[in-house]
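Now for the letters of each chain:
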Amino acid sequence: MTLQSSLPGVELLLLTCSCSRTFDMASFSSFTTASLLSEVCIFGFLMQNSPWKKPKSCVTSSLLPNTPTKPQQWLQVVGHAGSFHVGADGTLLKRFCEGEQQCYLRLMEDTLRPFVPAYHGVVQLDEQDYNMMDNLLTHFSMPAVMDCKMGSRTYLEEELLISREPRKDMYEKMIAVDPEAPTAQERAQQAVLKTRYMQWRETLSSTTSLGFRIEGFRVSANEECHTNFKRTRSRDQVMEVLHNFVESNPHIVWGYLRRLKQLRQVLETSDFFRAHEVVGSSLLFVHDWTGRTGVWMIDFGKTAALPPHLTLDHRTPWVEGNREDGYLWGLDNLIDILTDMLPLT
Ligand SMILES: O=P(O)(O)O[C@H]1[C@H](O)[C@@H](OP(=O)(O)O)[C@H](OP(=O)(O)O)[C@@H](OP(=O)(O)O)[C@H]1O
Ligand SMILES: Nc1ncnc2c1ncn2[C@@H]1O[C@H](COP(=O)(O)OP(=O)(O)O)[C@@H](O)[C@H]1O
């Protein structure tokens, strides 16, 4: 397979991946380390400037001015702090997750490939593995970026079955939004179960009512990231946020609609999509002042392969056991709302 990358080691790496669907992680990692040594040196250099350990929302990063390659901007709208490094040549490193790696390997051979960041294999940095992928902001100029979490459920079914300790951090996040939300028992424990927290977030936002929610966006480089959408639930509220993101520019809305309709068409026939429960995955919206727009699927950390006898239509409402995720239902609603944002002709 030929890859869109100027990194020779990376090409070699993916050739290895695509030849063998199952491989030994340990030998894969050491191969990676050896073949990408020069890249890792560059990443080591970049680490001094990386957003490691910064707060969870909206982390910006750019490469040093004397970096030999084109300077890159990167913005983390939401997600776990400390999971990313900006790589060289338009790449991004995300802390390794084997499930996500498996998804990217399959996606590189699926019709969805143009709708996800190109995947370049695993690299190792300070004994930590990373999945290496394209930085989707690379070809934009001072882009506006929005993260929409897709689907009507944000936790895996299997998480319901695992009995976990109630969490104090989630209790704190809950009362920060609504001090009345915890039950008497949760208040006494000062802790909530993760699935209870996730379900509360779903019903408070548009996840339950529309099958997607806006996690955050930033319109221009000199402004803050907006992430205060935990209570953005109704269709009208969502539309208002989308208007703010596109600055009511119909040209941008058209661009996004075209892309989302193409994505929907491909999702409806994708082998990968039919055979996976896609939970917690986002659509990353990117546009810039030139009018360029793009949307990609990102975050496959909680995307799980289904047993061979099971397929999903991604629109049927979820009941425990059917594993439906509401992804396409959410995409239908998102397309509908964007369509209603266009001026009447
Ligand atoms: O958005 P807030 O309200 O902060 O809640 C977050 C998100 O739901 C994360 O999901 P995602 O990664 O899909 O954005 C989830 O990560 P995972 O479920 O992926 O782990 C976090 O769980 P913890 O990582 O367990 O804290 C949870 O605390
Ligand atoms: N390939 C990418 N290109 C550009 N930005 C990305 C890419 N992947 C993730 N991001 C940025 O990082 C954020 C968090 O990504 P995500 O994969 O959802 O992380 P987490 O698994 O920690 O939730 C996104 O909202 C987006 O801003």
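These numbers were taken from a predicted model, which means no experiment stands behind them.

Basis of the calculations
- Residues numbered from 1 in each chain as written.
- Chains lettered and ligands numbered in written order.
- Predicted model: local features only at pLDDT ≥ 70, side-chain atom pairs only at ≥ 80, totals over all residues.
- Heavy atoms only, no water.
- Domains from an automatic or database assignment.
- Contact = heavy atoms within 4.5 Å.
- Buried area = accessible area lost by both parts, 1.4 Å probe.
- Salt bridge = Lys/Arg side-chain N within 4 Å of Asp/Glu carboxyl O.
- Polar contact = N/O pair within 3.5 Å; in protein donor to acceptor, adjacent residues only side chain to side chain.
- Nonpolar A, V, L, I, M, F, W, Y, C, P; charged D, E, K, R; others polar.
- Near = heavy atom within 4 Å.
- Areas by Shrake-Rupley, 256 points an atom, 1.4 Å probe, with all protein chains shown as cover.
- Helix = DSSP H or I, 4+ residues; strand = E, 2+ residues; numbered from the N terminus.
- Axes fitted to C-alpha atoms, helices over the stretch in contact; angles between N-to-C directions.
- Parallel < 35°, antiparallel > 145°, perpendicular 65-115°, else oblique.
- Left-handed = near helix turned anticlockwise from the far one by under 90°.

Here's the deal with the domain arrangement of the protein chain
For the protein chain, the assigned domains read domain 1 (8-134) and domain 2 (144-341). Between domain 1 and domain 2, the contact holds 22 residues from the first and 28 residues from the second. In total, domain 1 and domain 2 occlude about 1,900 Å² of area from one another, counting both sides; carbon and sulfur atoms represent 71% of this. By the criterion of area lost to domain 2, the three top residues of domain 1 are V77, L112 and F115, representing 32% of everything that side buries. Summed over the shared surface of domain 1 and domain 2, the result is one salt bridge. At the boundary of domain 1 and domain 2, one finds eight residue pairs in polar contact (both at pLDDT 80 or more). Residues that form the side of domain 1 that touches domain 2 fall into these classes: 13 nonpolar, four polar and five charged.

Some words on the site of ligand 2
Inspection of the region around ligand 2 gives 19 residues, with V77, H80, K94, L136 and D147 positioned closest. Side-chain polar atom of W74 to a nitrogen atom of ligand 2: 3.0 Å apart, as the coordinates give it. Its free accessible area being 560 Å², ligand 2 has 94% of it covered by the protein chains. Contributing elements (two or more residues each) for the shell around ligand 2: β2 (73-76), β4 (91-95) and β6 (128-134). Among the elements that line the shell around ligand 2, the one with the most residues is β2, at three residues. Partitioned by chemical class, the residues of the shell around ligand 2 number eleven nonpolar, four polar and four charged. The residue makeup of the shell around ligand 2 includes at least three contributed by each of domain 1 (8-134) and domain 2 (144-341).

Quick word on the site of ligand 1
Around ligand 1 there are 13 residues in total, and K149, K173, K194, Y197 and R201 lie nearest to it. Taking H80, its side chain carries an N or O atom lying 2.8 Å from an oxygen atom of ligand 1. At 2.8 Å from an oxygen atom of ligand 1 is found a side-chain nitrogen or oxygen belonging to R167. Notes on ligand 1: free accessible area 550 Å², of which the protein chains cover 80%. Among the elements of the structure, α6 (168-177) and α8 (194-204) are those that each provide at least two residues to the shell around ligand 1. Counting residues per element, the shell around ligand 1 draws most heavily on α8, which supplies four residues. Its residues assigned to classes, the shell around ligand 1 comprises three nonpolar, two polar and eight charged.

Here we look at the packing of α6 against α8
Running from N to C, α6 and α8 cross one another at 25°; their axes reach a closest spacing of 10 Å. Here α6 is positioned roughly parallel relative to α8, judged by the angle of their axes. Between α6 and α8 the crossing geometry is left-handed. When α6 is examined against α8, the residues M170, K173, M174 and V177 are found in contact with a partner set consisting of K194, R196, Y197, W200 and L204. Considered class by class, the residues forming the contact of α6 with α8 number six nonpolar, no polar and three charged.

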